[in-house]
Amino acid sequence: MISENLLAVFYLISGVLFILALRGLSSPETSRQGNLFGILGMAIAIGVTIISVGNFSTGFLYLLVLLLIGGSIGAFIAFKIPMTAMPELVAGFHSLVGLAAVFVAISAFLNPDVFNLGSPGSIKIASLIEMSLGAAIGAITFTGSIIAFLKLRGIMSGSPITFFGQHYLNLVLGLILVGLVFYLCKTQSDIWFWTIIIISFLVGVLLIIPIGGADMPVVISMLNSYSGWAAAGIGFTLENTALIITGALVGSSGAILSYIMCKGMNRSFFNVILGGWGATDQSSSNQSKEQKPVKSGNADDAAFLMKNASSVIIVPGYGMAVAQAQHALREMVDALKKNGVKVTYAIHPVAGRMPGHMNVLLAEANVSYDEVFELEEINNDFANCDVAYVIGANDVTNPVAKTDPQSPIYGMPILDVEKSKSVLFVKRSLSPGYAGIDNDLFYRDNTLMLFADAKKMTEDIIKSL
Amino acid sequence: MEIDPFIFRLSIFILSIFIGYYVVWSVTPSLHTPLMSVTNAISSVIIVGAIIAALAGKTENIFDTANIFGFMAIILAAINIFGGFLVTQRMLAMYKKKKKDKK
């Protein structure tokens, strides 16, 4: 129906369109166009593949029906999902890519003829290695993302699960996987192939359970990266350029995001992977601090302070997402602006549960993106600002990161909230954040604690403005 | 001696990693969430493998085990493609600069 060469050119075109899709994201203005490039690339890839197979019999009908079913489920989810649930959604989607990679690898193994990989029992060695890699990474992505999903959704406890010898177990399983691939190539026997998949499922679970709440941004980025490598592995098996290009793009994208997230916490990637932050070191540090004096205020105090300020910086965090306070927050800011107060937003790289989480929520609440700044852009402004309004953030504002070398978060870049003339800290209680560390900021003279739910407090402030 | 086609694919792969590296660093941090959802959508191009797996082979035995795995992969990838692109579109539509109202 269509020559191999022409087909390859079309796959190359979709690969290029995918690159343009990512390129578009360099600014919000070009991003929507970028997404259209992505959709076009996908349509081309699917279209030419169907034409090249050239089988328009019953199977084709099933294909259309399945596309329709899958598409409607996807579209339904895409339109229904609240923006606060984006981390879970992305984790869930990663698991689907992983499982799809496993399935494709399985069918390539069972029916190698259609992919020109040889015949069952005598598959090319290179193809066997590529498909086991694709299947293994896909399987790890699948179960790993399921665990991440369960943790983010709150179905499973977000705290790290560690046990003795965990890392050795992972190491041993990794070595077993290498051995299994070797035996698979030697014997071509399907038992090894299935074992590879099953062990990889197990590895996925074991890799993610020791990583806890505040490290979720790293986990999600990492799984994003894995799903890319899985696709690339399958791309090599199927000798398909679109898949290879896409896999490489997604793989490096996820890797870069993981790097940015780790840097945002001043932790090495391995440190995060090995997990266990907050589970072990919290008991020692925060018993003595119980009795320190804390100034607390109510909505009227906060409204008074902010109304008379000339500049206010809002510091949102995961708590804002949990309380769904973004819309109330924007109303409060509108009210402040009417009073002539200059308001900006400061976002820490690891605020929330995934990269860019806060930005999406603020965008949803109609906050103009040129009022929202990243850590490096805005950190010097705290010194000249009258009020910092911390809503749902905690560890990322903790000055201990700069002063106490003993602290587990020492060296983590933080927002210099304490430099502003006064700090309004919305929080339900004095309990420490996810890192399990007491926040020094609570006890400063210029801090006024507002003990309430983030949304309720913000609404009350609007009333008294 | 001719160069193994694998080497060409490897070259494409390596160069794409570099392209990805530079392109992704230029993505503005505020769009990192859409970046994740769109990379997720495009990695579902794995559906091309699923389509070949599902449709290729003898027309009579569509429900060979290999084909069934192909069909299952098609559903999963389709959820991802539509879900990923649409949710990205929905998010990106929210990123606006306010021009009109200076309340």
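Residues numbered from 1 in each chain as written. Chains lettered and ligands numbered in written order. Predicted model: local features only at pLDDT ≥ 70, side-chain atom pairs only at ≥ 80, totals over all residues. Heavy atoms only, no water.

**Student:** It is not clear to me how the overall build of chain A should be interpreted in this structure. Could you clarify?
**Tutor:** When its secondary structure is counted, chain A shows 18 helices and 8 strands. By the compact-globule yardstick of 23 Å for 465 residues, chain A fits well, its C-alpha radius of gyration being 25 Å. Here the C-alpha coordinates of chain A stretch approximately 75 × 50 × 30 Å along the principal axes. Across the 465 residues of chain A, 59% fall into the buried class. Here the analysis covers contacts within chain A between residues at least 6 apart in sequence; of these, 76% occur between residues at least 24 apart. Here chain A contributes 27 positive and 32 negative side-chain charges, whose respective centroids are spaced 3 Å apart. (Helix = DSSP H or I, 4+ residues; strand = E, 2+ residues; numbered from the N terminus. Rg over C-alpha atoms; globule rule 2.2 N^0.38 Å. Buried < 20%, exposed > 50% of the residue type's maximum accessible area, 1.4 Å probe, protein only. Contact = heavy atoms within 4.5 Å. Lys, Arg positive; Asp, Glu negative; His and termini not counted. Charge placed at Lys NZ, Arg CZ, Asp CG, Glu CD.)

**Student:** Explanation requested: the interface of chain A and chain B in the structure shown.
**Tutor:** Interfaces are often described in size by the accessible area the parts lose on coming together. Facing 103 residues of chain A, the contacting portion of chain B comprises 78 residues. Carbon and sulfur atoms make up 78% of the area that chain A and chain B hide from each other, which totals about 8500 Å². Across the pair Arg9 of chain B and Glu239 of chain A runs a salt bridge, and its minimum N-O distance is 3.4 Å. Connecting chain A to chain B are 15 residue pairs in polar contact (both at pLDDT 80 or more). Listed by contribution, the elements that provide at least two residues to the side of chain A that touches chain B are helix H1 (4-24), helix H2 (28-53), helix H3 (58-80), helix H4 (86-110), helix H8 (216-238), helix H9 (241-264), helix H14 (326-338) and helix H15 (357-364) of chain A. (Buried area = accessible area lost by both parts, 1.4 Å probe. Salt bridge = Lys/Arg side-chain N within 4 Å of Asp/Glu carboxyl O. Polar contact = N/O pair within 3.5 Å; in protein donor to acceptor, adjacent residues only side chain to side chain.)

**Student:** I would appreciate a short explanation of the environment of Gly118 of chain A in the present structure.
**Tutor:** All names here are of chain A. Of note, Gly118 is situated in strand S1 (residues 118-119). A sequence separation of 254 residues divides Gly118 from Val372, and the C-alpha atoms of the two residues are 55 Å apart. Gly118 has contacts with Pro112 and Asp113, leaving out every residue within four places of it along the chain.

**Student:** Please clarify how the confidence of the model for chain A should be interpreted in this entry.
**Tutor:** Reading predicted coordinates in detail is not appropriate for stretches of low pLDDT. Residue and element names in this part refer to chain A. When the pLDDT values of chain A are averaged, the result is 86; 95% of them are 70 or greater. Confidence, expressed as mean pLDDT per element, reaches its minimum in chain A at helix H11 (residues 282-285) with 42 and its maximum at H4 with 93. Note on residues 278-289: pLDDT under 50 across the span, and 10 contacts to partners over four residues away in sequence or across chains. (pLDDT = per-residue confidence, 0-100.)

**Student:** Hey, could you run me through the environment of Phe6 of chain B in this one?
**Tutor:** Of note, Phe6 of chain B is situated in helix H1 (residues 5-25). Those residues in contact with Phe6 of chain B that sit more than four places away from it in its chain are Glu130 and Phe236 of chain A.

**Student:** So what exactly am I meant to see when it comes to the confidence of the model for chain B here?
**Tutor:** All names here are of chain B. Predicted confidence across chain B gives a mean pLDDT of 86, with 87% of residues reaching 70 or more. Here helix H3 (residues 47-55) stands out as the least confident element of chain B, with mean pLDDT 89; helix H2 (residues 32-43) is the most confident, with 93. Interface confidence for the predicted complex, given as ipTM, is 0.91, next to a pTM of 0.89.

**Student:** Quick question: what am I supposed to make of the pattern of salt bridges here?
**Tutor:** Any two side chains of opposite charge can pair, so long as their charged atoms come close to each other. Residues and elements named next belong to chain A. Counting across every chain of the model gives 12 salt bridges over all chains. The partner of Lys421 in a salt bridge is Asp386, with the nearest N and O atoms 3.1 Å apart. Within this pair, whereas Lys421 is found in the loop between helix H17 (400-403) and strand S7 (422-427), its partner Asp386 is found in the loop between helix H16 (375-378) and strand S6 (387-391), the two being separated by 35 residues in sequence. Residue Lys421 is classed as exposed on the basis of its relative accessible area of 53%. Accessibility expressed as a relative area gives 16% for Asp386, which makes it buried. Residues participating in the shared-partner salt-bridge network are Lys402, Asp416, Glu418 and Lys419.

**Student:** Just to check I follow, could you spell out the sheet that holds strand S8 (residues 447-451) of chain A for this structure?
**Tutor:** Residues and elements named next belong to chain A. Overall, parallel pairing links the 6 strands, which are arranged S5-S4-S3-S6-S7-S8 in an open sheet. Two strands close off the open sheet at either side, each with one partner strand: strand S5 (372-374) and S8. Adjacent strand axes in the sheet meet at a mean angle of 25°, parallel and antiparallel pairs treated alike. Bridging between strand S3 (residues 311-316) and S6 involves 5 bridges; their strand directions are parallel. Residue pairing for S6: Ile314 is matched across the bridge by Tyr389. On top of the sheet, H15 reaches S3, strand S4 (342-347) and S5; it is set at about 145° to S4, its chief contact. Those strands touched by helix H18 (residues 454-464) are S6, S7 and S8, and its axis lies near 140° from that of S6. (Pairing = 2+ DSSP bridges. Axes fitted to C-alpha atoms, helices over the stretch in contact; angles between N-to-C directions.)

**Student:** How should I be thinking about the side chain of Thr141 of chain A in this particular structure?
**Tutor:** Residues and elements named next belong to chain A. Here Thr141 is to be found in helix H5 (residues 125-153). On the basis of relative accessibility, which here comes to 0%, the residue Thr141 falls in the buried class. Within the structure, Thr141 has its side chain in polar contact with the backbone oxygen of Ile137 (distance 2.6 Å). Excluding residues that lie within four positions of it along the chain, Thr141 makes contacts with His94, Ser95, Gly98, Leu223, Tyr226 and Ser227.

**Student:** Whenever I open this one, the packing of H2 of chain B against helix H4 (residues 65-94) of chain B confuses me. Can you help?
**Tutor:** Packed helices, taken two at a time, are described by the angle between their axes plus the distance between the axes. Residue and element names in this part refer to chain B. Two numbers describe how H2 lies on H4: the axes approach to 8 Å, and their chain directions differ by 155°. Regarding the angle of H2 to H4, the classification is roughly antiparallel. H2 and H4 meet at a crossing whose hand is left-handed. Where H2 approaches H4, its residues Thr33, Pro34, Ser37, Val38, Asn40, Ala41 and Ile42 are matched on the opposing element by Asn80, Ile81, Gly84, Phe85, Val87, Thr88, Met91 and Leu92. (Parallel < 35°, antiparallel > 145°, perpendicular 65-115°, else oblique. Left-handed = near helix turned anticlockwise from the far one by under 90°.)

**Student:** Explanation requested: a nonpolar patch on the surface in the structure shown.
**Tutor:** Taken together, the side chains of Tyr259 of chain A together with Ile3, Ile7, Phe8, Leu10, Ile14, Phe18, Tyr21, Tyr22 and Trp25 of chain B define a hydrophobic patch exposed on the protein surface, amounting to about 1000 Å² of accessible area. In terms of residue count, H1 of chain B provides more of the nonpolar patch than any other element does, 8 residues in total. The topology assignment puts Phe18 of chain B in helix H1. (Patch = residues over 30% accessible without salt bridge, like charges linked within 9 Å, V, L, I, M, F, W, Y side chains within 5 Å. Areas by Shrake-Rupley, 256 points an atom, 1.4 Å probe, with all protein chains shown as cover.)

**Student:** What is the right way to read the side chain of Ser253 of chain A from this model?
**Tutor:** Locating Ser253 of chain A in the fold gives a position in helix H9. Ser253 of chain A gets classed as buried once you look at its relative accessible area, which sits at 0%. Contacts of Ser253 of chain A, omitting those with residues within four sequence positions, involve Asn224 of chain A together with Val24, Leu35 and Thr39 of chain B.

**Student:** Please explain the packing of aromatic side chains as it appears in this structure.
**Tutor:** The description of an aromatic ring pair uses the distance of the two centres, along with the angle that the planes make with each other. According to the stated counting rule, one finds 15 aromatic pairs over all chains in the structure shown. Ring plane angle 45° and centroid distance 5.7 Å describe the contact between Phe236 of chain A and Phe6 of chain B, whose orientation is recorded as tilted. Highlighted residues: Phe236 of chain A in helix H8 and Phe6 of chain B in helix H1, drawn from two different chains. Overall, Phe236 of chain A belongs to the buried group, its relative accessible area being 8%. Ring pairing ties together the aromatic residues Trp229 and Phe236 of chain A together with Phe6 and Phe13 of chain B, which thus form one cluster. Above the plane of the ring of Tyr318 of chain A lies Arg353 of chain A, whose end atom (NZ or CZ) is 3.8 Å from the centre. (Phe/Tyr/Trp six-rings, centres within 6.5 Å; stacked < 30°, edge-to-face > 60°. Lys NZ or Arg CZ within 6 Å of the ring centre and 35° of its normal.)

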